[in-house]
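A closer look at the structure
Below, each chain spelled out in residue letters.
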Amino acid sequence: MFVREKRIGPYCYLYLVETVRENGKTKQRIIRNLGRSEEVEASGDLDRLARSAARLSQRSMILSLIEDGYVPQVRCRRIGAPLAFERLWQESGCRTVVEELLAGRRFEFAVERAVFLTVLHRLMVSGSDRACENWRDDYRINGIEDLQLHHLYRAMTWLGEELPGSDQVGRTLVPRCIKDLIEERLFERRRDLFSDLSVVFMDTTSLYFEGRGGETLGQNGHSKDYRPHLKQMIVGIIIDQDGRPVCSEMWPGDTADVTTLIPVIDRLRQRFAIGRVCVVADRGMISTATIAGLEQRGLEYILGVRERSSKEVREIVLNDQKPSVPLVIPRQRRPDTELEAKEVHVGDLRYVVCRNLVEAKHGAELREAVLRSLRASLRHGDKALVGNSAYRRYLKTPDEKHFEIDDKRVAEDARYDGLYVLRTNTSLAPLAVMLRYRELLKVEDIFKTTKAILHTRPIYHQTDAAIRGHVFCSFLALVLRKALEDRLTTMRSKPEWGALLMDLDRLQEIETEQEGKCFILRTPVTGDVGRVFQAVGVALPPNIREADPPD
């Protein structure tokens, strides 16, 4: 069955024709007169017929091609992530800022494209720049065709390049670099009358090196990755109260967390023209010197306290008998969050004692389960289980051969169920102090997911500048991720990040050639990809389009 053209006078008509055999002879029989060709083309009836037939005949077409010994050559490339994040790269100002800083620099390759390629790699799979060079072959990313591995290395070195001495005013623990200018200009682009950095959150992680790790960054220190024999560096990320990344800091691997907070705050105030600051930090960032430095600068703070190890908190603050103020936060499709807080003054110091009643109940149930198991083990005389840390905290040894449960330890442990103590110099009400600190807990959840992007190992660079640039690309990846999450939130959509990346990877284009013509087919949209493209304002490519044939 086929379409046949027939000219009658000045007009050309189209007929749907089939070939039949009658009385041993082959002849053509007209099934339907489709009409004049220009009218058929204008109505689109023939195109709809062809598409409909193609959907039903794909399997037979492929089988017939294989039977004839012809296998069409196709090329598949992933397009979901490049299209979506390219738009965010532009609208967040990243592309413009990088190009502005490159003005006047005579690189012979597209540095901005090399940076974007590396950032996209961090978002999707992370890893080294060597892995990025091979990874890109499966993706259609505009402008990266001529990039080679040494171009990626040079782009990383440019990002971490130290600024001239005249631009080092206000430096603290580390020198100012190109990456600092990018952070400052990105913040300036989004700054308005309502921009506020009065509350900032900081968290740190460590990255270890298989090699020496640059001239100064690679040092032995407290390893959070349990690799004390390897040199490492410390990476800090500062975000605002809305969860948006503000800047990144990088220090040698032997830098203690408690020594970094004050220099970071000083740099923030200088770099981003911040006046009033309230520092919210957990107990790992705090020392007596840190608190003294904050008070000397006239800064407000809300700090977590080590309630178990502080004698003042154990003996005075927790024994205060004043009633707590309750607060219930309703949750949709989940149990309500029940909180309570009260303030306790010890001399000039102000503490806020907070308790989460839901967590307190959970902690009590968990402890009771451990005690039941421990009692059963002790009845059987199984002393091997005593090595379990969950058991050991509740045991005492009345003599060298026997163990028994220590009721005083059990009661002491119950005091801390769902409890945390804060120290503050603000004038906020106790409930307000507690809620502000709970924002830090939400931010820590963000840090848990972002550290997968920050862990960009292995790092093969040998200079501090290249290492700084390599890690800074992870910060830019966090900027794009937050931009996408914010847009999806406005659409009341919050997909799981890993699943979303897999959905984006499933969106591919297939290039094939048929009878001298090149066609590009797009795979169907799956999962939340449609919402992503709608959120970033990018139109999906058509299902099929004709392209110029390859050279």
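You'll find the structure just up there.
Reading guide: rules and limits
- Residues numbered from 1 in each chain as written.
- Predicted model: local features only at pLDDT ≥ 70, side-chain atom pairs only at ≥ 80, totals over all residues.
- Heavy atoms only, no water.
- Pairing = 2+ DSSP bridges.
- Helix = DSSP H or I, 4+ residues; strand = E, 2+ residues; numbered from the N terminus.
- Axes fitted to C-alpha atoms, helices over the stretch in contact; angles between N-to-C directions.
- Core = buried A, V, L, I, M, F, W, Y, C linked by side-chain atoms within 4.5 Å.
- Buried < 20%, exposed > 50% of the residue type's maximum accessible area, 1.4 Å probe, protein only.
- Contact = heavy atoms within 4.5 Å.
- Phe/Tyr/Trp six-rings, centres within 6.5 Å; stacked < 30°, edge-to-face > 60°.
- Lys NZ or Arg CZ within 6 Å of the ring centre and 35° of its normal.
- Parallel < 35°, antiparallel > 145°, perpendicular 65-115°, else oblique.
- Left-handed = near helix turned anticlockwise from the far one by under 90°.
- Nonpolar A, V, L, I, M, F, W, Y, C, P; charged D, E, K, R; others polar.

What follows covers the sheet that holds strand E3 (residues 25–36). Judged by pairing direction, the sheet is antiparallel, and its three strands sit side by side in the order E1-E2-E3 without closing on themselves. The sheet is open, and its two borders are formed by strand E1 (2–8) and E3, each paired with just one other strand. Here the strands of the sheet are splayed against their neighbours by 40 degrees on average, with no regard to which way each runs.

Another point: the nonpolar core. Within the largest apolar cluster, 86 residues are counted, with the highest numbers of intra-cluster contacts made by Phe85, Trp89, Val115, Ile182, Met233, Leu476 and Leu484. Ranked by residue count, the leading element in this core is helix H16 (residues 464–490), at twelve residues. The residues touching Phe85, leaving out its near neighbours within four places in the chain, are Phe116, Leu120, Leu123, Leu480, Leu484, Trp497 and Leu504. Counting residues in each nonpolar core, the second largest holds 26 residues, with Trp251, Ile262, Ile265 and Tyr301 among its members.

We now examine the packing of aromatic side chains. Geometrically, a pair of aromatic rings is defined through the distance of the ring centres and the angle of the planes. With the rule as written, the count across this model stands at seven aromatic pairs. On the basis of an interplanar angle of 70 degrees and a centroid distance of 5.0 Å, the ring pair of Phe187 and Phe272 is categorised as edge-to-face. Residue Phe187 is located in helix H8 (residues 178–190), and its partner Phe272 is located in helix H9 (residues 261–272); the two are separated by 85 residues in the primary sequence. Ring centres of Phe472 and Phe475 lie 5.6 Å apart, and the angle between their planes is 20 degrees; this geometry places the pair in the stacked category. Note that Phe472 and Phe475 are positioned in helix H16 at a spacing of three residues, about one turn of the helix. A single burial state applies to Phe472 and to Phe475, both of which are buried. We note Arg481 situated over the ring of Trp497; from NZ or CZ to the ring centre the distance is 4.4 Å.

It is at 11 Å that the axes of helix H3 (residues 80–91) and helix H5 (residues 111–124) come closest, and there the two elements cross at 120 degrees. It follows that H3 is oblique to H5 by the angle criterion. As for the relative orientation of H3 and H5, their crossing is right-handed in sense. Contacts from Ala81, Pro82, Phe85, Glu86 and Trp89 of H3 reach H5 at Glu112, Arg113, Val115, Phe116, Val119, Leu120, Leu123 and Met124. Broken down by class, the residue content of the contact of H3 with H5 amounts to ten nonpolar, no polar and three charged.

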